[in-house]
Amino acid sequence: MITNMDNLVTIDKIVEWLTKQVEDKMPIDTHEWLEAAQKMNVLLQGEQEKLFSLEQEVALLRKGLIEADKTVAYSKVMVEATDEYKAMKTQKAKIERCLEMIRIAKLQARISKDILNS
């Protein structure tokens, strides 16, 4: 399988490529897994910074409601109904998926090494 990983320079493009490989039932060799994981690891900082900004937006929404003399419970429910909250949760899940893909790549590399050594 020939892959041009040079074109995969965002986490979204890397995940899209991995998803397509799985959907098309194409094997992903160890080298591709590791290269994808390395790139995701480097690019993860930007995704985490985006999450921090979204968390701050959500906190400011909650703060505004509490300062307007709404109860904490009411504020929580209202904030959880916002698009900002949904974006924050989506971003958090994206980061968690990336971290799991990195773990899988490391495990795949370890298994391949063990197979070669046996």
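Residues numbered from 1 in each chain as written. Predicted model: local features only at pLDDT ≥ 70, side-chain atom pairs only at ≥ 80, totals over all residues. Heavy atoms only, no water.

Turning next to the pattern of salt bridges. Here the structure, examined in full by the defined rule, presents 6 salt bridges. The residue Lys20 makes a salt bridge to Asp24 at a minimum N-O spacing of 2.6 Å. By relative accessible area, which is 45% here, Lys20 ends up partly exposed. Lys63 is the partner of Glu67 in a salt bridge, and the nearest nitrogen-oxygen pair spans 3.5 Å. Within this pair, Glu67 and its partner Lys63 are both found in helix α2 (residues 30–67), separated by 4 residues, close to a single helical turn. Look at the salt bridges and you will find they share partners, linking Asp12, Glu47 and Lys94 into a network. (Salt bridge = Lys/Arg side-chain N within 4 Å of Asp/Glu carboxyl O. Buried < 20%, exposed > 50% of the residue type's maximum accessible area, 1.4 Å probe, protein only. Helix = DSSP H or I, 4+ residues; strand = E, 2+ residues; numbered from the N terminus.)

The end-to-end C-alpha separation of helix α1 (residues 11–23) is 18 Å, in line with the 18 Å expected for 13 residues at 1.5 Å each. Every buried residue of α1 is accounted for by Ile11, Ile14, Val15, Trp17, Leu18 and Gln21. Each buried residue of α1 lies within a common arc of 160° when the element is viewed along its axis, so the set occupies one face. Projecting away from the buried face of α1 at angles above 90 degrees are the exposed residues Glu16 and Glu23. Looking at the buried residues of α1, the elements they touch are α2 and α4 (83–117). Directly after α1, the chain includes Lys25, whose backbone phi takes a positive value near 55°. (Expected span 1.5 Å × (residues − 1). Arc of directions from axis to C-beta. Contact = heavy atoms within 4.5 Å.)

This part is about the nonpolar core. Nonpolar side chains tend toward joint burial in soluble globular proteins. Ile11, Ile14, Leu18, Met40, Leu44 and Met88 are the most contacted members of the largest nonpolar core, which has 23 residues in total. Only α1, α2 and α4 provide two or more residues apiece to this core. When neighbours within four sequence positions are excluded, Met88 is seen to be in contact with Leu51, Leu54, Glu55 and Val58. (Core = buried A, V, L, I, M, F, W, Y, C linked by side-chain atoms within 4.5 Å.)

Looking at the protein chain, the pLDDT average stands at 91 and 95% of residues meet or exceed 70. Considering each helix and strand of the protein chain separately, the mean pLDDT is smallest for α4, with a value of 91, and largest for helix α3 (residues 72–80), with 96. (pLDDT = per-residue confidence, 0-100.)

Attention now goes to a nonpolar patch on the surface. Residues Tyr74, Val77 and Met78 make up a contiguous nonpolar surface patch of roughly 280 Å² in combined accessible area. Mapped onto the elements, Tyr74 comes out in helix α3. Of the residues examined, Tyr74 reaches a relative accessible area of 38% and is grouped as partly exposed. (Patch = residues over 30% accessible without salt bridge, like charges linked within 9 Å, V, L, I, M, F, W, Y side chains within 5 Å. Areas by Shrake-Rupley, 256 points an atom, 1.4 Å probe, with all protein chains shown as cover.)

Before going further, it helps to examine the packing of α2 against α4. Relative orientation of the contacting elements α2 and α4 amounts to 160°, with a least axis distance of 8 Å. Accordingly, the angle class assigned to the pair α2 and α4 is roughly antiparallel. The chirality of how α2 crosses α4 is left-handed. (Axes fitted to C-alpha atoms, helices over the stretch in contact; angles between N-to-C directions. Parallel < 35°, antiparallel > 145°, perpendicular 65-115°, else oblique. Left-handed = near helix turned anticlockwise from the far one by under 90°.)

The subject of this paragraph is the environment of Ala59. As for its position among the elements, Ala59 is in helix α2. Considering only alpha carbons, one finds Ala59 and Tyr85, 26 residues apart in sequence, at a separation of 9.5 Å.

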